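# Structure at a glance
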Amino acid sequence: MAKPIVLIAEELSPATVEALGPDFDVRMVDGTDRPELLIAIAEASAILIRSATQVDAEAIAAAPLLKVIARAGVGLDNVDIKSATTAGVMVVNAPTSNIISAAELTVGHILSLARHIPPAHAALAQGLWKRSKYTGVELYEKTIGIIGLGRIGALITARMQAFGTKVVAYDPYVTAARAQQLGVTLLSLDELLAQSDFITIHMPRTPETTGMISDAQLALMKPTAFIVNVARGGLIDEDALHRALTSGQIAGAGLDVFVSEPPTGSPLLALDNVIVTPHLGASTDEAQEKAGVSVAKSVRLALSGELVPDAVNVAGGIIDASVRPGIPLMEKLGQVFSGLAVSPITNVDVEIHGEIAAFDVSVLKLAALKGIFTNVVSESVSYVNAPLLAEQRGIDVRLITDAVSPEYRNILTIRGVLSNGAQISVSGTITGSRQTEKIVEINGYDVEVPIAEHLVVMVYTDRPGIVGVYGREFGDAGINIAGMQISRREAGGQALSVLTVDSPVPEALLASVRTAISAELLHEINITS
């Protein structure tokens, strides 16, 4: 039999080809040459790419034999994940390949800002000897503020502590026990901004975190403080940053990522108190080799029909057909669960009730954790690193199965305890010939709401006129309510309302509605498909 064709569309390390082994017909193509790519991909079972090759709906449609798209790196902006999922094509990446490189680049930016290394070099290269102009500061006994204490944040913590610094962090999903283990003091975001001499941000880019550092936050920083972003462009409002840098509100900034890349014409590039690099977080020989070898191993697993831990859209392996539809549902329930969490999560139970409990449902626990962390950490979340993320945060996770499901054929539930003692839960099921994904319970309230991209969940004391109040608030703001369901346990008691809306809801509107109806909980949850 002919060997499956594996297409390498960009330059990868020799170790990548070696890791693929002898079982495949490995072919090379220039992924930026569109006509050649479409011809070559027609026979491919797998394609390995980096950032330059666009594997979009057209390319996927041209590849009837394609089973896996492998991105040798973290970002997947050049892969149409939705089209791949629809076509049953697995998408894999290398989520942990660059974490050391990204951490080290962050430290490099901090050192460069502290000692003015790039501008001092540039001046001396021009024959200018300006020792006094480039007097810097020591890191010793300074306070380093880390926004986002995930895997990269933890690596930076260890490296900065070696300089004799005090490390503080803001991360609403990290428990005090985990922070204590790392030797880090947890603070609110405002406290961190006010106390830190150097701030580095390591958060995912979501609707909630985009622009999270803007005028109000920069105004809290010391005039001697510096801020670094090597995570995602847009976490810092670039216009606000420019104002803070030119007014002397803060001392300087180090940037590796930008809203638009390359940042052609950005006024930040003209400032002498800004150090910039062209998105070099993963640009080391070691990171590139790790990425290539990692995805080569994933391709081998995918094409042999085994479980692929680094799959970002569909789980591979021998999973019963009745269990598979629960994987994307469980990921979405995980995102709803983390959206309901108002303090760090300490315990998670993943419960499977119904017929599918007779099968191996361990992948559903992985899917739940993947969903919980998808919009929480800066690194890509996969089936392999999600349990590690839970372990690092001191979260105890259990899988519970029960063949009995009294109301629905199968019910998937995520139940957990928060650090403040609160208990939260969300349950879902799949119904009908169209396999509609629905939420059927939130925090003990029975509902039946199709899962949508934008959900608003609120809890308030049930009384006449409440629906009219928040309906008017949303209507005045131009937010269309596509669906709504209210659940209560008794008249005049607590009620839970779930809204599906057509667009994201600004935080200011949520605050206004919260005040208007005296809601105990009002939170928007955005589901990433």
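Given the structure is predicted, the values throughout are model-derived calculations rather than measurements. (Residues numbered from 1 in each chain as written. Predicted model: local features only at pLDDT ≥ 70, side-chain atom pairs only at ≥ 80, totals over all residues. Heavy atoms only, no water.)

### Thoughts on the environment of Ala 40
Within the secondary structure layout, Ala 40 lies in helix α2 (residues 34-41). Measuring from C-alpha to C-alpha, the distance between Ala 40 and Gln 180 comes to 53 Å, with 140 residues separating the pair along the chain. Setting aside its immediate chain neighbours within four residues, Ala 40 contacts Leu 7 and Val 29. (Helix = DSSP H or I, 4+ residues; strand = E, 2+ residues; numbered from the N terminus. Contact = heavy atoms within 4.5 Å.)

### Some remarks on the packing of helix α5 (residues 99-115) against helix α7 (residues 151-161)
Look at α5 against α7: their axes get within 9 Å of each other, and the N-to-C directions meet at 50°. Here α5 is positioned oblique relative to α7, judged by the angle of their axes. α5 and α7 meet at a crossing whose hand is right-handed. Within the contact between the two elements, α5 uses Ile 99, Ile 100, Ala 102, Ala 103, Glu 104, Thr 106, Val 107 and Ile 110 and α7 uses Arg 151, Ile 152, Leu 155, Ile 156, Arg 159 and Met 160. Within the contact of α5 with α7, the residues separate by chemical class into ten nonpolar, one polar and three charged. (Axes fitted to C-alpha atoms, helices over the stretch in contact; angles between N-to-C directions. Parallel < 35°, antiparallel > 145°, perpendicular 65-115°, else oblique. Left-handed = near helix turned anticlockwise from the far one by under 90°. Nonpolar A, V, L, I, M, F, W, Y, C, P; charged D, E, K, R; others polar.)

### With respect to the side chain of Asp 197
Position of Asp 197 among the secondary structure elements: in the loop between α9 (189-195) and β9 (198-201). For Asp 197, a relative accessible area of 12% translates into the label buried. Only 2.9 Å separates the side chain of Asp 197 from the side chain of Lys 222, close enough to count as a polar contact. Dropping the residues within four chain positions of it, Asp 197 is found in contact with Lys 142, Thr 143, Lys 222, Thr 224, Ala 225 and Phe 226. (Buried < 20%, exposed > 50% of the residue type's maximum accessible area, 1.4 Å probe, protein only. Polar contact = N/O pair within 3.5 Å; in protein donor to acceptor, adjacent residues only side chain to side chain.)

### Quick word on unusual backbone geometry
Geometrically, the link from Glu 261 to Pro 262 is a cis peptide bond, its omega value of -5° lying close to zero. Even without a glycine there, the phi angle at Glu 141 is positive, about 65°. Inspection of the secondary structure puts Glu 141 in the loop between α6 (117-125) and β6 (143-147). At Gln 435, a position not held by glycine, the phi torsion is positive, near 55°. Looking at the secondary structure, you find Gln 435 in the loop between β16 (423-431) and β17 (436-442).

### Regarding the packing of aromatic side chains
Overall, the coordinates contain two aromatic pairs when judged by the stated rule. Seen from their ring centres, Phe 198 and Phe 226 are 5.1 Å apart, and the 15° between their planes marks the pair as stacked. Placement of the pair is Phe 198 in strand β9 and Phe 226 in strand β10 (residues 226-229), with a sequence separation of 28 residues. Across the pair, Phe 226 and Phe 198 agree in class, each one buried. (Phe/Tyr/Trp six-rings, centres within 6.5 Å; stacked < 30°, edge-to-face > 60°.)

### Description of helix α13 (residues 326-340)
The end-to-end C-alpha distance of α13, which contains 15 residues, comes to 21 Å, matching closely the 21 Å that a straight helix rising 1.5 Å per residue would cover. Counting buried residues in α13 gives 13 out of 15 residues, a clear majority hidden from the surface. (Expected span 1.5 Å × (residues − 1).)

### Focus: helix α14 (residues 362-374)
The terminal C-alpha atoms of α14, which comprises 13 residues, lie 19 Å apart, in line with the 18 Å expected from a rise of 1.5 Å per residue. Most of α14 is tucked away, with ten of its 13 residues classed as buried. Among all positions in α14, only Val 363, Leu 364, Leu 366, Ala 367, Ala 368, Leu 369, Lys 370, Gly 371, Ile 372 and Phe 373 are buried. Tucked inside the fold, the buried residues of α14 contact α13, β13 (345-354), α15 (386-392), β14 (396-402) and β15 (410-418).

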